[in-house]
Amino acid sequence: MKLASLKHGRDGQLVVVSKDLSTYVSAADVAPTLQAALDTWADSEAKLKAIYDDLEAGKISGTAFDPVACDAPLPRAYHWVDGSAYVTHVELVRKARGADLPDSFWTDPLVYMGASDAFIGPRDDIEVQSEDWGIDMEAEVAVITDDVPAGTSVEKARDHIKLIGILNDVSLRNLIPGELAKQFGFYQSKPWTAFSPVFVTPDELGDAWDGTKVSLPLHVVLNGTTIGKPNAGVDMTFDFTQLINHVAKSRSLEAGTVIGSGTVSNKGSKEGSCCLAEVRCLETIADGKPSTPFMSFGDRVEIDMFDTQGQTIFGRIDQKVVQYTPE
């Protein structure tokens, strides 16, 4: 099934969306918000699926679905952890600046805990104060879990993956070096994260989901030009079960935990990048300097993933970069 949250207060209004993303019906009789549904997933899943099946069978009529009216499917989450599961991306970035990659990066996942108090919708603007901050998109896949006990094994982790989505984890590249130099992680360099119109249950992906990762291309288009379309199932050094096992090593995860893959990247592919930083690294390695600029005000970025019939699975993230004026 496919679930979305219409803009309504801080936590949205949960709706069930048709497979082709054309119509929706309210899920209020089951749960007012997606977080409420995830809190009671053992009971709410079957009830939401029944609504979805009735909508697909034409037993109930829906309202026209408009992604513009959508918030992030989970507008705010108790826990957002982002990884860097495509180590080839990290290797490339380090190579461009002449740095070696520690051997441990291939065996021990990189993750950080991000801001989850205000995710934004798929058509919301990317608001940034200055172009000098180095505005970049990062297209990723994410999974959403139920309650995950501390110490959950890799084998058991797949049972806790309940929903899947895609996202744009915007990075302000020119703020990152100063923050990492403090050796305390990202903060100012990570503004609002936008998510796809819908999250879907794993069965919606068919054979493209093997229980650990999604094996489909993730398309990124900037101002009408394709930046990349790497396959999310290729070069994923740490799959989602390994990421869950890693982050649950010393603590449990609450229902509604969102775990991102990090920017998707395919090594050795001309269209294997999902962010401008990687494109610039490839240019630096080839030409000694980058030629592609970071995003500017007025730029438009689109992120999408399609099934084998060419139909969008999660709906399109479609954002414009705009300047905000601080108070």
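The model shown is predicted, which means the values in this text are computed figures rather than measured ones.

Observations regarding the packing of aromatic side chains
Per the counting criterion, the structure on display carries six aromatic pairs. On the basis of an interplanar angle of 70° and a centroid distance of 4.9 Å, the ring pair of Y112 and F186 is categorised as edge-to-face. Here Y112 is found in strand β6 (residues 111-113), whereas its partner F186 is found in the loop between α5 (176-181) and β12 (193-195), with 74 residues between them in sequence. Residue classification places Y112 among the buried positions, given a relative accessible area of 16%. Accessibility expressed as a relative area gives 27% for F186, which makes it partly exposed. Between the aromatic rings of F195 and F199, the centroid separation amounts to 5.8 Å while the plane-to-plane angle is 80°, which identifies the pairing as edge-to-face. Members of the aromatic cluster, each reached through a chain of ring pairs, are W80, F119, F195 and F199. Stacked on the ring of F294, the Lys or Arg R280 has its end atom at 4.2 Å from the ring centre.

Some details on unusual backbone geometry
With phi around 60°, L21 is a residue other than glycine that occupies positive phi space. Within the element layout of this structure, L21 appears in the loop between β2 (13-17) and β3 (23-26). Looking at L21, the relative accessible area reads 12%, which means it is buried. Of note, Q183 is a non-glycine position whose phi angle comes to about 60°, a positive value.

Re the layout of surface pockets
Of the volumes computed, that of the largest pocket is approximately 970 Å³. Lining of the largest pocket is provided by 32 residues; of these, V93, R97, R173, I176 and L180 occupy positions nearest its centre. The class makeup of the residues in the lining of the largest pocket is 15 nonpolar, eight polar and nine charged. Its boundaries defined by the atoms lining it, the second largest pocket holds a volume of some 480 Å³. Contributions of two or more residues to the lining of the second largest pocket are made by β6 and β7 (126-128). The residue inventory of the lining of the second largest pocket, partitioned by class, reads 14 nonpolar, three polar and four charged.

Considerations on the confidence of the model for the chain
Where the model shows low pLDDT, its predicted coordinates should not be examined in detail. Mean pLDDT over the chain works out to 96, with 100% of the residues at or above the 70 mark. No element of the chain has a lower mean pLDDT than helix α3 (residues 87-96), which averages 85, and none a higher one than strand β1 (residues 2-6), which averages 99.

A look at the side chain of E283
Positionally, E283 belongs in helix α7 (residues 276-287). Buried charged residue E283 carries no salt bridge. Nearest counter-charge: R280, at 5.9 Å. Look past the residues within four positions of E283 in its chain and what remains in contact with it is G288, K289, P290, S291 and T292.

Here is what the cut-offs are and how they apply
Residues numbered from 1 in each chain as written. Predicted model: local features only at pLDDT ≥ 70, side-chain atom pairs only at ≥ 80, totals over all residues. Heavy atoms only, no water. Phe/Tyr/Trp six-rings, centres within 6.5 Å; stacked < 30°, edge-to-face > 60°. Helix = DSSP H or I, 4+ residues; strand = E, 2+ residues; numbered from the N terminus. Buried < 20%, exposed > 50% of the residue type's maximum accessible area, 1.4 Å probe, protein only. Lys NZ or Arg CZ within 6 Å of the ring centre and 35° of its normal. 1 Å grid on protein atoms, 1.4 Å probe; cavity = no way out; pocket = protein on both sides within 12 Å on 5 of 7 lines; lining within 4 Å. Points joined across faces, edges and corners; volume = space filled by probe spheres on them. Nonpolar A, V, L, I, M, F, W, Y, C, P; charged D, E, K, R; others polar. pLDDT = per-residue confidence, 0-100. Lys, Arg positive; Asp, Glu negative; His and termini not counted. Salt bridge = Lys/Arg side-chain N within 4 Å of Asp/Glu carboxyl O. Contact = heavy atoms within 4.5 Å.

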